[in-house]
Amino acid sequence: MWGALLRLGGRRGLAGAAPPPASPWSQVVSEAEKIVGYPTSFMSLRCLLSDELSNIAIQVRKLVGTKHPLLDTARGFVYDSRNNLQMRGLVVLLISKAAGPSTAELSFQHNMVSGIYSSQRSLAEITELIHTAFLVHRGIVNIGELKSCDGPLKDMQFGNKMAVLSGDFLLANACTSLAQLQNTKVVELISSAIGDLVQGIYYENSKSSEENCLTDDIGISTWKEQVFLSHSALLAKSCQAAMELAKHSAEIQDMAFQYGKHMSMSHKLHSDLQPFVKESSSDIMAFSLNCAPAVFHQEFLGRDAWIKQIREAQGKGNIMDYKKLQEAIKAGKGVTSAIDLCRRHGNRALAALESFPPSEARAALANIVYAVTRSALEAAIINEARSRDLGKWTGNQCLLIGHRRGRRQGGGRRFSCPGRPGWRWGGRRQVPPGASVPPVYHHEGELSGGRSFICLRAAGRVSPRCFYVFVCKITPCLTLGLLEKLAEKMCPAW
Amino acid sequence: MALRWGGWWWRWRCGASARRAPPPLPPPHGSVPGPGSRSSPPALGGAMCHFAQRSSALSFQKICNIFWRFHHTSTSQMCSCSKTVSDEKYQDPFQLGRKDLKNLYEDIKKELLVSTAELREMCEYYFDGKGKAFRPMIVVLMARACNIHHSNSREVQASQRSVAIIAEMIHTASLVHDDVIDDANSRRGKMTVNQIWGERKAVLAGDFILSAASLALARIGNTTIISVLTQVIEDLVRGEFLQLGSKENENERFAHYLEKTFKKTASLIANSCKAVSILGCPDPKVHEIAYQYGKNVGIAFQLIDDVLDFTSCADRLGKPAAADLKLGLATGPVLFACRQFPEMNAMIMRRFSKPGDVERARKYVLQSDGVQQTTYLAQRYCHEATREISKLRPSPEREALIQLTEMVLMRDK
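Residues numbered from 1 in each chain as written. Chains lettered and ligands numbered in written order. Predicted model: local features only at pLDDT ≥ 70, side-chain atom pairs only at ≥ 80, totals over all residues. Heavy atoms only, no water.

### Concerning the overall build of chain B
On a plain count of helices and strands, chain B comes out with 20 helices and 2 strands. Of all intrachain contacts in chain B linking residues separated by at least 6 positions in sequence, the fraction that spans at least 24 positions is 78%. Accessible area for chain B stands at about 15600 Å²; split by element, carbon and sulfur atoms hold 53% of it. (Helix = DSSP H or I, 4+ residues; strand = E, 2+ residues; numbered from the N terminus. Contact = heavy atoms within 4.5 Å. Areas by Shrake-Rupley, 256 points an atom, 1.4 Å probe, with all protein chains shown as cover.)

So, in structure tokens, the structure goes:
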């Protein structure tokens, strides 16, 4: 059995796309920015320096000290722009570069800077403008629902006025730039993306405005539809539009769409999962009761039981005990299912990328997916290890992650991996007598003291898809990067 | 001085034209460099500076004199044009366009494809057939007039009808957002969307109508039309920004008011007229005629709207009277009244924010000739519109458009 694993592990992954050691998100982004030419400043200067926006900046200052959400949006815009605001534009640029010029458009190649058409750069900017406009419009408050603790009514009205105006201003700028692209198909795509976004946000709003202790009775398929509208449609359609601008074929356009869609779906799942997989249990993040793990949880549990759990967590005084609720969800299968779904979307995004020729830009796009799916896998392993109480296992027991499909291919056995159909946790096994723990086992300092694990990577054609993890004991600092480092060192020994 | 004013006047009028506008007709005052000499309009800030410089030398008195003089020169031209068609009978312009506008609201609702029942209800709320449909009417009449001018065909093309639909949708989307911005309670005799469903949803409904409009716009499949109508969206927002600020200097204030009026109201009519003329006729001269007609009618329309805010009662308007004052806005009648009652200056500057300001200002306006002056100004814009449209080949639709300018002046709601 271990021999078969070895053989699988020996195969090389996708050329050029072998995952680098797990890198923090910002590193993935800054490397990707280098590829597209220059550090991206998507909110065009034209827009930032305009009279209107500086007018708004002055007016927003008047809101300081009030509780209007526009203030937070503006703050996030200044301090958090790297992580949230520019990701969409960056992806549009990267996929433009990955696709390159189409054969039909070779004559226009001189228009390209760093392998990207200027129209595609505008499109990236438009995508960011639209995204930001809706960040602002999401923060409108309902005047009729205000309570006295929200501060003076006048402030909130003023905040609304500013939020509507600034959102409209960004949107109008996006429309103007869009018209300048002189491509009706692109205008159509992006307009429909705006419509999708509105519907998605509308749904979000109508949920949160209700009494926030109750969830909607939605299944995961409805959840997926809604998240597609609110989180994926804009990026998916922008990626497609970027292909249209370079006159790429319908197939390539569809692949770009698929990448944008699945990448952003896995992103959303990833962020929904954060409260459930974060290591520090001291501060419990409040989470939406319509996040993916909760929706899965409800699906497994049944609605009535779920409502009962919420009521129990709420206790007296209508204050939600999120820790209690979180434990309830963690005890069920919701978290695992959400992790699986996250990886499944990540893998579909990677599969869509295979239609593009290997390049730096394509590798960067893959890394953006890995940044999410890796941490999803880490979460999966930690979650599983925790639920099986691996800390109490003895040194010669292991956890198999992966599922043998039983079909022989090329002499080796194929194993399915987390997120793939038919995949399941392998359960506890005895370490085979011959497979002694290699020396590297105690090599890492933080792994000493009996709290350690070993893993073996069994790569399929796309290396990160298929993991075979052999965990002896869990360590608190278990990360996928560590797993892989170990796996690489161990492979020769096995 | 008159020449100087004339220069300013034409510069302003033409500078507001769309970015990629074809070179317009030479202005009647030959001494002015045509707007075509400016490759692209400067950013708004620049335009405003320019504005201020040109107009600061003029006193209000002189502005009015010049308006008068301008009026005189243009009416004489206009009369000569309209005589050629004097044998044609006046028709109800609304009758002529009615056939094309049948099912207008049904078709708009078809554009608003949305899965959520509540969102659909909100989006369709103002498309209940009770609006005046003033904009679609002008647009289809203009479409027919241009088609006849070019090819003697009276039929409205499908794409031209789409422009009428889009114009009404953009207009409605801006109404929904304006009501949130102004925290308005009633419009067209019913509660506003934000009153019923709350501000959050109302803003989204506005955004959705706008996205549906731009989807319909893209489906026309003509990039020029997209550019022309996108200009409207930008103008609407910029107009709303202009409304936020106020100017200290009297003359700047008037220029500011007119620019705001153009951007918030006239741009939509002007550019959708231009769009249908582009679809109906390849001649850039015709496009400029359509644009100028729409712009002048649009400004007149808004001036009368501002007058009605003082003279009409809430029942008739379907919204509260003196609403502009309550929002702190100094419209035409106020600006004219301020000439007679300089004590209003302070009120304008503090945007009628002190208790009693609104009532006092209203009283001053009704005592002054502000209402008449504004109506008079609106008349001149209508004459100018008539003069422009008279350059087209005679047709019942052209006469209807001329008559429509009269109706703009006569309307009481």
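### Examining the overall build of chain A
The number of helices and strands found in chain A is 18 helices and 7 strands. Residues counted as buried form 56% of the 494 residues belonging to chain A. Split by element, the accessible area of chain A, about 20600 Å² in all, is 54% carbon and sulfur. (Buried < 20%, exposed > 50% of the residue type's maximum accessible area, 1.4 Å probe, protein only.)

### So, the interface of chain B and chain A
At the interface, 42 residues of chain B touch 43 residues of chain A. Surface buried jointly by chain B and chain A totals about 3900 Å² across both partners, of which 65% is contributed by carbon and sulfur atoms. For the chain B face of the interface with chain A, the top three residues by lost area are Arg 200, Leu 204 and Phe 241 of chain B, together amounting to 20%. Counting across the chain B and chain A interface gives 1 salt bridge. A salt bridge links Arg 219 of chain B to Glu 188 of chain A, with the nearest nitrogen and oxygen atoms 3.5 Å apart. (Buried area = accessible area lost by both parts, 1.4 Å probe. Salt bridge = Lys/Arg side-chain N within 4 Å of Asp/Glu carboxyl O.)

### Brief notes about helix H16 (residues 332-340) of chain B
The buried count for H16 of chain B comes to 7 of 9 residues, which makes it a mostly enclosed element. Looking at H16 of chain B, one finds that the buried residues are Gly 332, Pro 333, Val 334, Leu 335, Phe 336, Ala 337 and Cys 338 of chain B.

### With respect to unusual backbone geometry
All names here are of chain B. Phi is positive for Asp 183, which is not a glycine, with a value near 55 degrees. In this fold, Asp 183 is placed in the loop between helix H8 (158-182) and strand S1 (186-187). Using a relative accessible area of 26% as the deciding quantity, one classes Asp 183 as partly exposed. Not every positive phi belongs to a glycine, and Arg 351 is a case in point at roughly 55 degrees. In this structure, Arg 351 sits in the loop between helix H17 (344-349) and helix H18 (357-367). By relative accessible area, which is 24% here, Arg 351 ends up partly exposed.

### Concerning the environment of Cys 313 of chain B
Residue and element names in this part refer to chain B. Its location among the elements puts Cys 313 in the loop between helix H13 (284-311) and helix H14 (314-317). Residue Cys 313 is classed as partly exposed on the basis of its relative accessible area of 42%. In this structure the C-alpha to C-alpha distance between Cys 313 and Asp 412, which are 99 residues apart in sequence, comes to 9.7 Å.

### Describing the pattern of salt bridges
Residues and elements named next belong to chain B. Applying the stated criterion across every chain yields a total of 20 salt bridges over all chains. Lys 190 is the salt-bridge partner of Asp 128, the closest N and O atoms lying 2.7 Å from each other. One end of the pair, Asp 128, is in the loop between helix H6 (117-124) and helix H7 (134-151); the other, Lys 190, is in strand S2 (residues 190-191), and 62 residues separate them in sequence. For Asp 128, a relative accessible area of 27% gives the class partly exposed. Assessed through its relative accessible area of 23%, Lys 190 is described here as partly exposed. Across the pair Lys 264 and Glu 240 runs a salt bridge, and its minimum N-O distance is 3.1 Å. A residue pair is termed long-range when its members are at least 10 positions apart, and Lys 264 in helix H12 (residues 250-280) and Glu 240 in helix H11 (residues 223-244) qualify at 24 residues. With respect to burial, Lys 264 and Glu 240 carry one shared label: buried. One continuous salt-bridge network, built from bridges that share partners, spans Glu 384, Arg 387, Glu 388 and Lys 391.

### Here's the deal with the packing of helix H19 (residues 370-389) of chain B against helix H20 (residues 396-410) of chain B
Residue and element names in this part refer to chain B. Packing of H19 against H20 brings their axes to within 9 Å, and their N-to-C directions diverge by 175 degrees. Judged by the angle between their axes, H19 and H20 are roughly antiparallel. In this structure, H19 uses Thr 375, Ala 378, Gln 379, Cys 382, Ala 385, Thr 386 and Ile 389 to contact H20, whose residues at the interface are Arg 398, Leu 401, Ile 402, Thr 405, Val 408 and Leu 409. Partitioned by chemical class, the residues of the contact of H19 with H20 number 8 nonpolar, 4 polar and 1 charged. (Axes fitted to C-alpha atoms, helices over the stretch in contact; angles between N-to-C directions. Parallel < 35°, antiparallel > 145°, perpendicular 65-115°, else oblique. Nonpolar A, V, L, I, M, F, W, Y, C, P; charged D, E, K, R; others polar.)

### Re the state of the cysteines
Under the counting rule described, the total for this entry stands at 0 disulfides over all chains. Not part of a disulfide, Cys 146 of chain B finds its nearest cysteine sulfur in Cys 281 of chain B, a span of 6.4 Å. (Disulfide = S-S within 2.5 Å.)

### Considering the nonpolar core
Residues Ile 130 and Tyr 259 of chain A together with Met 344 of chain B are the most contacted members of the largest nonpolar core, which totals 185 residues. No other element matches H13 of chain B, which puts 14 residues into this core. Among residues more than four places away in sequence, those in contact with Met 344 of chain B are Val 334, Ala 337, Cys 338, Ala 361, Tyr 364 and Val 365 of chain B. If you look at the next biggest cluster of nonpolar residues, it comprises 31 residues, including Ile 220, Ala 233, Leu 289 and Leu 341 of chain A. (Core = buried A, V, L, I, M, F, W, Y, C linked by side-chain atoms within 4.5 Å.)

### Concerning the environment of Asp 306 of chain B
All names here are of chain B. Within the secondary structure, Asp 306 sits in helix H13. Sequence spacing of Asp 306 and Asp 324 is 18 residues, and the spatial spacing of their C-alpha atoms is 7.9 Å. In this structure Asp 306 touches Tyr 257, Asp 324, Thr 331, Gly 332 and Pro 333, once residues within four positions along its chain are discounted.

### Examining the packing of aromatic side chains
If you walk through the whole model with that rule in mind, you get 10 aromatic pairs over all chains. Each ring, one from Phe 169 of chain A and one from Phe 241 of chain B, has its centre 5.6 Å from the other, and the planes form 75 degrees; the classification is edge-to-face. Highlighted residues: Phe 169 of chain A in helix H9 (residues 153-180) and Phe 241 of chain B in helix H11, drawn from two different chains. Judged by relative accessible area, Phe 169 of chain A falls into the buried class, the value being 2%. (Phe/Tyr/Trp six-rings, centres within 6.5 Å; stacked < 30°, edge-to-face > 60°.)

### Points about the environment of Val 237 of chain B
Structurally, Val 237 of chain B can be placed in helix H11. Separated by 27 residues in the primary sequence, Val 237 of chain B and Lys 264 of chain B place their C-alpha atoms 7.7 Å from one another. The residues touching Val 237 of chain B, leaving out its near neighbours within four places in the chain, are Leu 165, Asp 168, Phe 169 and Ala 172 of chain A.

### Re the side chain of Asn 160 of chain A
Examined against the element boundaries, Asn 160 of chain A turns out to sit in helix H9. By relative accessible area, Asn 160 of chain A is classed as buried at 2%. When neighbours within four sequence positions are excluded, Asn 160 of chain A is seen to be in contact with His 68, Ile 140, Val 141 and Ile 143 of chain A together with Glu 199 of chain B.

### Regarding the packing of H16 of chain B against H19 of chain B
Residue and element names in this part refer to chain B. Relative orientation of the contacting elements H16 and H19 amounts to 125 degrees, with a least axis distance of 8 Å. Judged by the inter-axis angle, H16 sits oblique to H19. Handedness of the H16/H19 crossing: right-handed. Taking contact as the criterion, the partners of Gly 332, Pro 333, Phe 336, Ala 337 and Arg 339 in H16 are, on H19, Gly 370, Val 371, Gln 373, Thr 374 and Leu 377. Grouping the amino acids of the contact of H16 with H19 by side-chain chemistry returns 5 nonpolar, 4 polar and 1 charged. (Left-handed = near helix turned anticlockwise from the far one by under 90°.)

### Topic: the confidence of the model for chain A
Residues and elements named next belong to chain A. Averaged over all residues, the pLDDT of chain A is 68; the fraction at 70 or higher stands at 52%. Across chain A, element-level confidence peaks in helix H11 (residues 220-245) with a mean pLDDT of 91 and bottoms out in helix H1 (residues 2-10) with 30. Note that residues 390-477 has pLDDT below 50 and, in this model, 224 contacts with residues that lie over four places away or in other chains. (pLDDT = per-residue confidence, 0-100.)

### Remarks on H11 of chain B
All names here are of chain B. Under the 1.5 Å per step criterion, the end-to-end length of H11 is 32 Å for 22 residues, consistent within 8% with the ideal 32 Å. With 20 of 22 residues buried, H11 lies mostly within the body of the structure. Here H11 starts with a cap whose side-chain oxygen sits 2.9 Å from the backbone nitrogen of Thr 224, and that cap is Asn 222. (Expected span 1.5 Å × (residues − 1). Polar contact = N/O pair within 3.5 Å; in protein donor to acceptor, adjacent residues only side chain to side chain.)

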